[in-house]
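Spelled out from the first residue to the last, the chains are:
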Amino acid sequence: MSGEEAVFWRVQANHLYVHVPFCARRCVYCDFSIAVRPRVPVAEFLQALEGEWTTRHSASEFDLDTLYFGGGTPSKLGGEGVQRLMDTVRRHATLREDAEVTLEANPEDVSPDAVLRWKAAGVNRVSLGVQSFDDAVLAWMHRTHDAQTARRAVQVLREGGMSNISIDLIFAVPSTIPRAWDADLETALQLQLPHVSVYGLTVESHTPLGRWVARRDVAEAADETFEVEFLRADKALTDAGYEHYEVSNYAKPGRHSRHNWAYWKRRPYGGLGPSAHEFDGSQRRWNASAYAEWLNRIAREEDPTQDREALDDEQQTAEEVYLGLRTSAGMVTASSDRELVERLVSAGWAALSSDSTLRLTSSGWLRLDSIANDLTLLRSR
Ligand code: SF4
């Protein structure tokens, strides 16, 4: 793609995602677009980002309510690298005074100096990839930190004045890996964080874990384990005052992720960097996923777009149903849904409010895919 096609569309968005692909090594379960680099090429990356912005987004307008640096590991850019990244954003976009600016960070990258610089640059929310507080589990995952580093990172963030902290935890690891999920939850609660995300381990075929499972060196956790651990997390976190506002996300009141909420509400968003997606309200496009390819296309002043899709009516319905059901906002039901809705409510998987909004319960969220599928089929007839 080149020439006139270089500017795919003119995005007017209040939300922007920047993908920073660098990682020290690949975790066993990870299928994200990453670039493993012992030394992070900060200048090369920032120059390419600038190139993508000036060519592809020259006609776009970003008045940002939320900005999200994801990856990969954006914290690998270091304190100064993130400052320069923020400078790049500010050159091209307006950042509202109360904008939510999230940086994904790995615990080992959190130092007093880095936090100081991130904060000075305007980062006001850090999403920490903790995954577990058990050293054996972290080693099995090939994570680059241990439990003590994770606890220390939370402390350093707080001492640096960064109070809006989220952590990710992974449950349902294979039964052959000794893991005390309750202990992990207890540690997370002791930290009294404003936001916790819990993800069930999924096995993707082209990851190291996928290959181990294919060779039968390790077996996926049983469905029952997945269900039990998810419901335990749900109880522990909601009992502690967290709102379960999305299938995997829990927040203290007022501390939900505004950026992710925009995705789930299907608001337009821009995206920069390898594999980054964009949505203009009806169409989606995404960049080449491999770092080298994205970099080369930018260097040749070509559009880095990998592909795009315009959703037809059926896909749009499927997306609305799925995104509605995955959050606590729920979805408004139609009279044609009635029979299925009654079945879901009587099974304890959903609740229907007086304004006909259907919201899944925790047990329902365990069946999100199949419930969304059934509702979509019903609406597509
Ligand atoms: S740190 Fe995150 S992005 Fe990097 S390899 Fe691990 S899971 Fe993937």
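That block above? That's the structure.
Some thoughts on the side chain of His145
Relative to the assigned elements, His145 resides in the loop between α4 (135–140) and α5 (147–159). Its relative accessible area of 6% is what places His145 among the buried residues. A distance of 3.1 Å separates a polar side-chain atom of His145 from the backbone oxygen of Val130. In this structure His145 touches Pro107, Glu108, Gly129, Val130, Leu138 and Ala150, once residues within four positions along its chain are discounted.

Focus: the environment of Val154
Within the secondary structure layout, Val154 lies in helix α5. A relative accessible area of 2% means that Val154 is categorised as buried. In this structure Val154 touches Leu128, Ile165, Leu191 and Leu193, once residues within four positions along its chain are discounted.

Observations regarding the nonpolar core
Counting residues in hydrophobic clusters, the biggest one holds 82 residues, and the most contacted among them are Trp118, Leu128, Leu169 and Leu325. Contact partners of Trp118, with chain neighbours within four places excluded, come to Ser75, Gly78, Gly79, Val82, Leu103, Ala105, Asp109, Val110, Val123, Leu157 and Met162. Core analysis: the next-biggest nonpolar cluster, separate from the first, contains 15 residues, Trp140, Met141, Ile170 and Ile177 among them.

Observations concerning the packing of helix α1 (residues 42–56) against helix α10 (residues 291–299)
Where α1 meets α10, the closest approach of the two axes is 9 Å, and the angle between their N-to-C directions is 55°. In terms of axis orientation, α1 runs oblique to α10. Once α1 is placed against α10, the crossing between them reads as left-handed. Along its contact with α1, which presents Glu44, Phe45, Ala48, Leu49, Gly51 and Glu52, the element α10 presents Tyr291, Trp294, Leu295 and Ile298.

Observations concerning the packing of aromatic side chains
This model, assessed by the stated rule, comprises 15 aromatic pairs. Taken together through their ring pairs, the aromatic side chains of Phe22, Phe45, Tyr291 and Trp294 make up a single cluster. One cation-aromatic arrangement involves Lys252 over Tyr242; the distance from NZ or CZ to the ring centre is 4.6 Å. The ring of Phe279 has Arg284 sitting right over it, with the charged end atom 4.5 Å from the ring centre.

Thoughts on the pattern of salt bridges
Evaluated as defined, the whole model comprises 23 salt bridges. Between Lys76 and Asp109 there is a salt bridge, and its shortest N-O distance comes to 2.8 Å. Here the residue Lys76 occupies a position in the loop between β4 (61–71) and α2 (78–92), and Asp109 occupies one in the loop between β5 (94–105) and α3 (112–121), the gap between them amounting to 33 residues. The same class applies to Lys76 and to Asp109, which are both buried. Arg379 serves as the salt-bridge partner of Asp337, at 2.6 Å between the closest nitrogen and oxygen. One end of the pair, Asp337, is in the loop between β15 (331–332) and α12 (338–346); the other, Arg379, is in helix α14 (residues 368–380), with 42 residues separating them in the sequence.

Thoughts on the site of the ligand
Neighbouring the ligand are Cys23, Arg25, Arg26, Cys27, Tyr29, Cys30, Phe32, Ile34, Gly72, Thr73, Asn106 and Arg143. Its residues assigned to classes, the shell around the ligand shows 6 nonpolar, 3 polar and 3 charged.

Looking at the layout of surface pockets
Volume-wise, the second largest pocket comes out at about 190 Å³. What lines the second largest pocket is a set of 14 residues, and nearest its centre among them are Glu320, Val321, Gly324, Gly330 and Met331. Going through the elements one at a time, α11 (313–325) and β15 are the ones with two or more residues in the lining of the second largest pocket. Among the elements that make up the lining of the second largest pocket, the one with the highest residue count is α11 (5 residues). Looking at side-chain class alone, the lining of the second largest pocket contains 6 nonpolar, 4 polar and 4 charged residues.

Conventions adopted
Residues numbered from 1 in each chain as written. Predicted model: local features only at pLDDT ≥ 70, side-chain atom pairs only at ≥ 80, totals over all residues. Heavy atoms only, no water. Helix = DSSP H or I, 4+ residues; strand = E, 2+ residues; numbered from the N terminus. Buried < 20%, exposed > 50% of the residue type's maximum accessible area, 1.4 Å probe, protein only. Polar contact = N/O pair within 3.5 Å; in protein donor to acceptor, adjacent residues only side chain to side chain. Contact = heavy atoms within 4.5 Å. Core = buried A, V, L, I, M, F, W, Y, C linked by side-chain atoms within 4.5 Å. Axes fitted to C-alpha atoms, helices over the stretch in contact; angles between N-to-C directions. Parallel < 35°, antiparallel > 145°, perpendicular 65-115°, else oblique. Left-handed = near helix turned anticlockwise from the far one by under 90°. Phe/Tyr/Trp six-rings, centres within 6.5 Å; stacked < 30°, edge-to-face > 60°. Lys NZ or Arg CZ within 6 Å of the ring centre and 35° of its normal. Salt bridge = Lys/Arg side-chain N within 4 Å of Asp/Glu carboxyl O. Near = heavy atom within 4 Å. Nonpolar A, V, L, I, M, F, W, Y, C, P; charged D, E, K, R; others polar. 1 Å grid on protein atoms, 1.4 Å probe; cavity = no way out; pocket = protein on both sides within 12 Å on 5 of 7 lines; lining within 4 Å. Points joined across faces, edges and corners; volume = space filled by probe spheres on them.

That is the geometry; function is a separate question.
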